[in-house]
Every structure is written in C-alpha cells, then in structure tokens.
Amino acid sequence: MVTAWYNGPGDLGWMSGYQKGSTMSDLYGQGKAIELVVWLGDHTDYAISSQFLEDARVLARTFKGNGPHRGRLYVVLFSELETYSSDPGYFADLKRAYFRAMAIFHQENANARVALGLGGYGWESRPNRDLGSWHDAIRASDFTAVQAMQACDNERNGQNIIVPQIRSSVKQLGAYGKPVMISHFKLWGDPGCQTAAFDKFMRAVFTDRSISALAA
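Residues numbered from 1 in each chain as written. Predicted model: local features only at pLDDT ≥ 70, side-chain atom pairs only at ≥ 80, totals over all residues. Heavy atoms only, no water.

### Thoughts on a nonpolar patch on the surface
Counted only if it meets this: Residues enter a patch when their relative accessible area is above 30% and they make no salt bridge; the linking distance is 9 Å between like charges and 5 Å between nonpolar side chains (Val, Leu, Ile, Met, Phe, Trp, Tyr). Computed by Shrake-Rupley with a 1.4 Å probe, the accessible areas treat only the displayed protein chains as cover when residues are assessed. What makes a salt bridge here is a side-chain nitrogen of Lys or Arg within 4 Å of a carboxyl oxygen of Asp or Glu, nothing more. Starting at the N terminus, helices and strands are each numbered in turn, a helix being any DSSP run of H or I of at least four residues and a strand any DSSP run of E of at least two.
Together, Ile182, Phe185, Phe198, Met202, Phe206 and Ile211 make up a nonpolar patch on the protein surface, roughly 480 Å² of accessible area in all. Every element with two or more residues in the nonpolar patch is listed here: strand S8 (180-188) and helix H8 (191-205).

### A look at the side chain of glutamine 172
Filter applied, for reference: Each residue's exposure class comes from its accessible area (1.4 Å probe, protein chains only) as a fraction of the maximum for that residue type: buried when under 20%, exposed when over 50%, partly exposed otherwise. Under the rule applied, a polar contact is a pair of N or O atoms within 3.5 Å (in protein, one hydrogen donor and one hydrogen acceptor; residues adjacent in sequence only if both atoms are side-chain atoms). By the convention used here, residues are in contact when the closest approach between their heavy atoms is within 4.5 Å.
Assignment of secondary structure puts glutamine 172 in helix H7 (residues 162-174). Judged by relative accessible area, glutamine 172 falls into the buried class, the value being 13%. At 2.7 Å, the side chain of glutamine 172 forms a polar contact with the side chain of tryptophan 123. Setting aside chain neighbours within four positions, we find glutamine 172 in contact with Trp123, Pro127, Asn128, Arg129 and Leu131.

### A word on the pairing of strand S5 (residues 144-151)
This is how it is decided: Two strands are said to pair when DSSP picks up at least two bridges between them.
Of all eight residues making up S5, eight are buried, and the element is well covered by its neighbours. Taking every second residue as pointing to the same face, both faces of S5 are buried, with Thr144, Val146, Ala148 and Gln150 on one and Ala145, Gln147, Met149 and Ala151 on the other. Bridge count for strand S4 (residues 112-119) against S5 is three bridges, and the pairing is parallel. Considered in S5, the bridge of glycine 119 is made with glutamine 147.

### Here we look at the sheet that holds S8
Neighbouring strands of a sheet are bound in pairs by backbone hydrogen bonds; such pairs are parallel or else antiparallel. In plain terms, the rule: Every axis corresponds to a line fitted to the C-alpha atoms, with the helix fit spanning only the stretch in contact, and the corresponding angles, defined between N-to-C directions, vary from 0 to 180 degrees.
The strand order across the open sheet built from six strands is S1-S2-S3-S4-S5-S8, with neighbouring strands paired in parallel fashion. The strands lining the two open edges of the sheet, one partner per strand, are strand S1 (2-6) and S8. On average, each strand axis in the sheet is inclined to that of its neighbour by 25°, with strand direction left out of account. Pairing of strand S2 (residues 34-38) with strand S3 (residues 73-77) involves five bridges; the strand directions are parallel. Bridge pairing links valine 38 to leucine 77 in S3.

Have a look at this one:
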C-alpha cells in the first residue's frame, strides 16, 4: 500500500497533476493499493463546504488513475475529525459532508472504499467510546479507520498507552462487522525516544499472539 495525504485545498494543484501521467496506474499495475488520507484539521470550514465536494471529485478521478491498470483505493475521510471544531452543529455538518463525499468517490471509482477517520486517542482512558452520533456514518462506510499516535514517552504501567488504545479501538470498531484499518501511526518525540519506544512497541504488538488477537 502507498499512502498519500490531502491536507487542504492548497494540495489540490500538485496532487491533481497526477492525472496527466501514469503514476497511479503504474502503482496499481505493481499490485499496490493506495490509501488517501484526508486530514482537514487546519481547514475546518472547507471540510463542510461545497468547494470540498467539488475537489473530492477531482481527487476521486486523480486516484482512479488513467489506466490501463486499476486497483483498490482506500479513502480515509476527515482523519482525526474529533479535533476539527467545537462549534455547535459542526459535527452534523461534517457528517453530511462525509456522506456526500463518500457518494462522490463511489460514483467516480468502483474500486474506491471509504471510511470515517477516527482519532485513536479517544480510547485513552476507557476500553469503549460513545460513537452513537457517528453510528450511521460508520455503518454506511466500507471499512472502519482509526489513527494511532502518541508521544513516545507516554507510558502507563511500563507500556506506551498506544498499545491498549490500538487494541481497544480495533475491538470496538471490529464489532461493526467491517474491516478495520489503522490508517496512520506515529510515536512522536526526539529520535532516541522514538526508536526505543518503537522497539518496545514491536515486542509487544508484532507477535503471532498479538496480531492474531487483533485480527480476531
């Protein structure tokens, strides 16, 4: 899988340039899937605008590729959406934008699969979250998506809290009966801390037992 990030309308110009070449088709021809992460935390008004829906159509056509090769496109819309705005009614507008953008990607590309991008830190202090306001959007999605990002030194009981966050979020989202994707991952901090934290993370998570439990 190859991942691309769309962080706002300023990215559309260079990103849509891929329509002119064979980059997307070549990636699909190599047997790769493409993930498009749409993060609009710095453009919250744009996320719920009609302009974004027009731009979503351009993105859908761009990442479909020019052929002859076609492949699976995974679109994570509004990643870390919980951080976008606290204005009353904003999330209702964002949900409407999600349904409309999802329909556009489906119309433009039969190989597109779309998910709502949740923030994994929401599982920090409890095994489950109240996702009631998003139930209909999640159920309408093709898969579920949650990011996993934490400070490299954010530990509890000798383990980075990202580990229980991943396990809890995957378990809860898996209950929707759809595939679950960790859409993006990072342990941030200074390089030495990052390296040590990731080595520890690998030993805890990248084992047959741990991966089997996540898959189950």
